[in-house]
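Fold and contact review
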Amino acid sequence: MRALVLILAAVVLLPFIVRPAIASEIWIFAIFGLGLNLLLGYTGLLSFGQSTFFGSAAYVAGYLLKHYAIGVFAALGIGVAVGAISALLVGYLCVQRSGLYFIMLTFALNQLFYFIAYQWTTVTGGEDGMPGVPRPAMLGIDFRDPVAYYIFVSVLFLLSLWLMKRIVDSPLGKILQGIRENEVRAEAVGYHVPRFKLLAFVIGGAFSGLAGVLYAMLFGIVPLEAIGFVTSGNVVFATLIGGSGSLYGPIIGSFVFIWLSESMSVVWARWPLLLGVAFIVVVLFFRGGVVEAWDRIWRFSKRTT
Amino acid sequence: MNLLLGQILNGIATGMLYALMGLGLSLITGVLNIPNFAHGALFAIGAYFLVSVVGLLGNFWLGLLVAPIGVALLGLLIEYAGVRRLYAAGHDYQLLFTFGLALILNELIIVIWGPVGISHLPPAILRGGVDLGFTFYPKYRLFVMAMAGLLVVATWLFLEKTRYGAIMRAGIENKEMVSLLGIDIHWLFTVAFALGAYLAGIAGALTAPIRGLSPGMGVDMLGIAFVVVALGGLGNLLGAIAAGLLIGVAQAVVAAYWTEASTAVIFAVMAAVLLVRPQGLFGIR
Amino acid sequence: MKRREILKIGAAAASLGFPAIIRAQPKEIVMLGLWDQTGAFADVGPLNDRGMRMALEERGMKVLGQPIKYITRDGATQAGTSTRRAEEAIDGEGARFMIGPWSSGVALAVSEVAKRKKVLHFFSGGTEDISGARCHRYSFQWAASPYTAAKTVVDNFMKANPKAKRWHLLVADYAFGWSVEKYIKEVGKTHGLEFVGADRHPLGEREFSNYVQKAAANKPDVVAMINFGGDAVAGAREIFNFGLTPKLPLIMCWSSGVEELIQLAPEIRENLWVGSNFYYTADTPVAKEFVKNYRAKFGTPPGYAPSAAYSMTRLMLAGFDKAKSSEVEAVIKALEGIEVNDLLGRMRVEPATHQTLRPYFFLRCKPKKAMKEELDFADVIATGDSPLPKEYAACKDIGGF
C-alpha cells in the first residue's frame, strides 16, 4: 500500500521535476523492465535479448501508424501482439537451454533480429531509423501535447504495474518462482517447466512490445538501436540497479538509470566510463540494487541517530 | 570459381580469428561459469597494446609476444580483484560486472589512445602478397592463418596433453572433483581467465594490421565470440574451432553473392544449427 | 544522517541532472553542438567541437552584442539518443540554434526535431535529403550536394584517366552512401562508364577482405569507395593488401581529407584519388588563417570535420549579422540567399532548397618521394561547384515557418 502511494506520488510529481518527455521515457522503460523482471526476478531467466520484442513491436506498429494511419489503441494492441509472438519464437528456441547458454542464445538471436532490421531498409530505414511515426489523436485528445502523452503513458504504466502484480501474486507467479528456486523440484511436482518458462517469455514479450510502441510514439522515430543489444543490456542493468528481487525494482532502476545516463552525458563526454564504474560499484557493494541499498542506509541512519 | 576459392580462403583466415576468440571465451565460460562480456574489450586492448609496444620497441615480433601477455596480466588482475568475488553471485550480477568492465575498458581506450582510429602496417617482411594461382593473397593474412592455427593447436595440446590442462578440463566438467583432489580451485580460475584473456589479446594483436584500430573494434567480435561458443558447445574446444571456421567461411561465401547479408548470416547459421541441434554442433548436454 | 537530508540531497541532485524548467538568461543566445562522443562517429565529435568552438571564440562568444552560450550534447551516433538529447537541450537549455550531428541518417531524424521545435538546424553530410526530398524551412545543408561531389570526382578523374571505364563501387549502407552512389552512377553514364559491381557494407565495417576479393574478381579499371572515416581507411588498407592498388587507381569519393590520409601509410596512398568537402591547402584568406590557428592549437591541419563545424558556425553567425536579429525566423530569412566569401571561397545558400553552393575538392595523393613534408599528402587537382540540375531536385517546396 505504501509503495502504491509512493508510486502514485511519483507519477504526479515527476513531470514537475523533469521534462515530460523524459518522464514518459522513464515509465516506458519501467514497463519494459517489468516485463523483463518477470523473467529475471521471478523465473530466474536472464534474457539478454529483450530488445528483440521491444524493437520488433516498435517497427511493426510504427510502420502501420505511419503508412496506414491506424489508431492509438490498434497500435498498442498490435505492439503487444508482436512482442508476444516474437517472444514465442525466441523463447521456443531458448527455454530448453539454461544458464550461460540461455544468456548467449537470447543475445545472439537479438543480433539476428538486429541485422534483419539493419538490412531491411525499405521498411525499417536501416541505420537511419524509421522516422515520422505519428501520435494520432484519440477521443479528441491531442497526444502531440507532451503532457497529454505523459498522462496516457502513466495510466498505461499503472495498468501494467497492476497487471504484473496480479500475475506475480497468481498461482502462475508462484509456479514461476518455484521454478526459479528449484527447477528439478518444480518438474518433480509435475509442472512442465519449459512450457511455463515459455509462458513467462511471452508475457514478458507482451510488456516489452507495449513499451516499444509507446517509445516509438514518444520520439516519433524507431531508431535502429531500439532493437540493438545495448537496449537489451540497458533494461537488464536498470532492473539490477533497482533490484530484481522486488516488483518495484525495475521502476526505481529505470528512473536511476535514465537519470544517471542523461545527467552524466552532459557532465563528461566519456560518461560511459562512469556508468561502468557505477555498475561495478553496484555489483561489489549493493547487490540488492537500490531497494536493498535504501534499506541498509535507512537502517544505518536509524542506528546512528 | 576462383572467387569462391578466394572467399573460402578469406573465410578460413577470419574463421581462425573467430576460433581464437571463441576458444578463449569458451575456456572462461566453461571453467569459471561466467558470461564474459568484456571479452571484446580484451580483444581491443590486445590490439592497442601491440601498437604501443611496437611504438616503444620498434619491433612487431616483440609486440606480438608482449602485448597478449599484457592482456593476460590484465585478465589476471580482473579475475583476482573482481570476478573472484562473484562466483556465488548469479549470472545477472556477473554480467553487470563484466559489461561495466567492458564499458570502462572501451572508454579508457579513448582516453589513452584517443578516439581517432589508428592504422598499423604489418612488418616489412609480411607486406605485399603472393599469387596463389586462383587469387592474389596478402602474405600477412596467410601468416595470421598459420599463427592462429598454431595457437589453436598449442592450446589444444596444452589442455589435452599436460597435467595443468587436464586439471583445467576437469574444472570444466566437475569442479567439486578438482577441489577434492586438493587443487586450489581459485588458482585454476585465475589461470583460466588469464589464458582466455591471452587468446583474446593475441587475436586482437594479430588483427591490428588487417582491420586497423578503433575504440569500438571489440563490439562486433564479442557477438561473434558468443555465437562461436553457443554453436561449438560450452567449454568444448574442438567445437569452438569448428564453429569459428564454419561461420567464417559461411560469411565469406555469402559475401561473394549477397554482401548485404554477410553479417546476418552468422546469426542465421547459428539459429539454424540450434533448431536442429539445440546442444550446439558438438555439445553433449 | 536524517532521512529528510537524504531526500534533500536527492532533490538537489535531481535538479542538477535534469535542467528542466529553467534557465537560459534572456539575453543569452544558446547554441547547441550535437557532436557524437560515443558510437560509430565517436572519433569525429571531438573534432567537430574544436571547429565550432574556434568559430565562436573568434567572435569572443558574442554576436550582435549578446553573449553566446555554447552547449554540446553527445548524440552517440544514434537516432534515438540524438533526437532525445536535442529535444532536451532545446526545451531545457533554451537552445534555438543547433549544428550537427555528423551521421546523415541521424541528422535526418534530428532535422525532424528542428522542424517540430522550430529551431535553426545546420548540418553537413552526404545525404541529399536534407536539402532534397525531406527539406524544410529550418534545416540547412553545408556539405556539397552529392551531385556536385560526384560530378567533380567523376569528371576530373576521367579527364586524367580516360580509359578507366570499368568501375567497382564499395558503398556504406546508409543515407549518405546511397545518395552519393546514385549520382556517381548518373554522372558515370555521361562518360559511358560500366559499373561492374556495387557492394554495400554496414557502417563501421572493419573486415573488408570479402568485399575486396569480390572487387578483384570483377577485374575493374578502378575501385571507388563511397564511405567515410574508419571504414574508408580499413577499405583502402585491404585494397592495397590484396594488391589492387597501386596497380589500379582507388577513389575515395567523399573523404574527410587529412584525417583519413594521415592514417594511411604512404604506400597505400599511391594512386589514391580523393574527393573531399575540404582540404587544408584551400587557397582562401579565411582558410589560411583557420589552418594556421588550428595547427598551432592541435598540431595537425584540420580535415573536413572541424572545418565543416567551423564554417557552419561562421555562416550561421553571418546570418545573425545580416538579419541584425537573433530570432530564428529572421536568421533563417537572412541565410536564404546569403552570399559570403569565406572558408571555401565563394559560398552561397540556395534559398529554395537550403543547400550551400560551394566548391568541392578533388585531390590526387603524392608519391612518397614527392612529399615535401610529412603532411604534404596531396595536390588539389580540381574543384567543382556544378549545382544539382533541376531535373534531380527533390525539394519542391521548402515550406513555411
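See the structure printed just above.
In what follows, the accompanying structure is described. Think of each chain on its own: its residues are numbered from 1, step by step along the sequence as written. Each chain is given a letter, starting from A, and each ligand a number, starting from 1, according to the order in which they appear as written. Reporting of local features is limited, given that this is a predicted model, to residues whose pLDDT is at least 70; pairs of side-chain atoms are given and counted only at 80 or more, and all residues count toward the totals for whole chains, interfaces and linings.

A look at the overall build of chain C
Let me state the cut-off plainly: Note on conventions: DSSP H or I runs of at least 4 residues are helices, E runs of at least 2 residues are strands, and numbering of each starts at the N terminus. Note that the radius of gyration is over C-alpha atoms, with the globule rule given as 2.2 Å times the number of residues to the power 0.38. Partly exposed residues are those whose C-beta has more than 12 but fewer than 20 other C-beta atoms within 10 Å; with 20 or more the residue is buried, with 12 or fewer it is exposed, and the C-beta atoms are placed from the backbone.
Scanning chain C from terminus to terminus reveals 13 helices and 16 strands. The C-alpha radius of gyration of chain C comes to 22 Å, within 12% of the 21 Å expected for a compact globule of 401 residues. Summarising its shape, the C-alpha atoms of chain C cover approximately 75 × 55 × 40 Å along the three principal directions. A burial count over chain C gives 60% of its 401 residues as buried.

Points about the sheet that holds strand 14 (residues 356-357) of chain C
Residue and element names in this part refer to chain C. Note the cut-off: A pair of strands is considered paired only if DSSP assigns at least 2 bridges between the two.
With antiparallel pairing, three strands are arranged side by side in an open sheet as 12-13-14. Every interior strand has two partners, whereas the edge strands, strand 12 (339-342) and strand 14, have only one. Summarising the sheet, strand 13 (residues 345-349) and strand 14 pair through two bridges and their orientation is antiparallel. Bridging from a neighbouring strand, Val349 pairs with Thr356 of strand 14.

Digging into helix 11 (residues 229-242) of chain A
Residues and elements named next belong to chain A. What counts is decided by this rule: Working rule for helices: expected span equals 1.5 Å times residues minus one.
With 14 residues, helix 11 should cover 20 Å at 1.5 Å per step; its first-to-last C-alpha distance of 20 Å lies within 8% of that length. Counted residue by residue, helix 11 has 13 buried out of 14 residues, so it is predominantly covered. Downstream of helix 11 by a residue or two, Gly243 has a phi angle that is positive, lying close to 120°.

Here's the deal with the interface of chain A and chain B
In plain terms, the rule: Here, residue contact means that the backbone-derived C-beta atoms of the two residues sit within 7 Å. Any residue outside Ala, Val, Leu, Ile, Met, Phe, Trp, Tyr, Cys, Pro, Asp, Glu, Lys and Arg is labelled polar, Gly included; the first ten of those are nonpolar and the last four are charged.
Between chain A and chain B, the contact holds 36 residues from the first and 38 residues from the second. Among the secondary structure elements, those contributing two or more residues to the side of chain A that touches chain B are helix 5 (99-119), helix 11 and helix 13 (271-285) of chain A. Broken down by element, the residue count for the side of chain A that touches chain B peaks at 14 residues, all from helix 5 of chain A. Along the lines of polarity and charge, the residues of the side of chain A that touches chain B split into 26 nonpolar, seven polar and three charged.

Overview of the environment of A:Arg303
All names here are of chain A. Tracing the sequence through the fold places Arg303 in helix 14 (residues 289-304). For Arg303, a count of 7 C-beta atoms within 10 Å gives the class exposed. Each C-alpha atom of the pair Arg303 and Gln50 lies 41 Å from the other, and the pair is 253 residues apart in sequence.

Looking at the pairing of strand 15 (residues 360-365) of chain C
Residue and element names in this part refer to chain C. The element strand 15 is extensively covered by neighbouring structure, given that five of its six residues are classed as buried. Relative to strand 15, strand 11 (residues 272-276) runs antiparallel, the two sharing four bridges. Looking at the pairing, Trp273 lines up with Arg364 of strand 15. Sheet analysis places strand 15 next to strand 16 (residues 378-384), joined by six bridges and oriented antiparallel. Counted as the bridge partner of Leu363 is Val380 from strand 16.

A short note on unusual backbone geometry
Look at the link from C:Gly100 to C:Pro101: it is a cis peptide, with omega at -10°. With respect to the helices and strands, C:Pro101 occurs in the loop between strand 4 (97-99) and helix 4 (104-117). The phi torsion at A:Leu139 lies on the positive side, around 50°, for a residue other than glycine. With respect to the helices and strands, the residue A:Leu139 is situated in the loop between strand 1 (130-131) and helix 7 (146-169). Under the C-beta neighbour-count criterion, A:Leu139 is labelled exposed, with 5 such atoms within 10 Å. The residue C:Lys324 is not glycine, and still its phi comes out positive at about 50°.

Concerning the interface of chain C and chain A
How big an interface is tends to be stated in terms of the accessible area lost upon association of its parts. Tallying the contact residues gives 29 residues for chain C and 25 residues for chain A. Within the residue set of the side of chain C that touches chain A, elements represented by two or more residues are helix 1 (3-17), helix 3 (79-93) and helix 4 of chain C. Looking at which element gives the most residues to the side of chain C that touches chain A, the answer is helix 3 of chain C, with eight residues. Tallied by class, the residues present in the side of chain C that touches chain A amount to 12 nonpolar, eight polar and nine charged.

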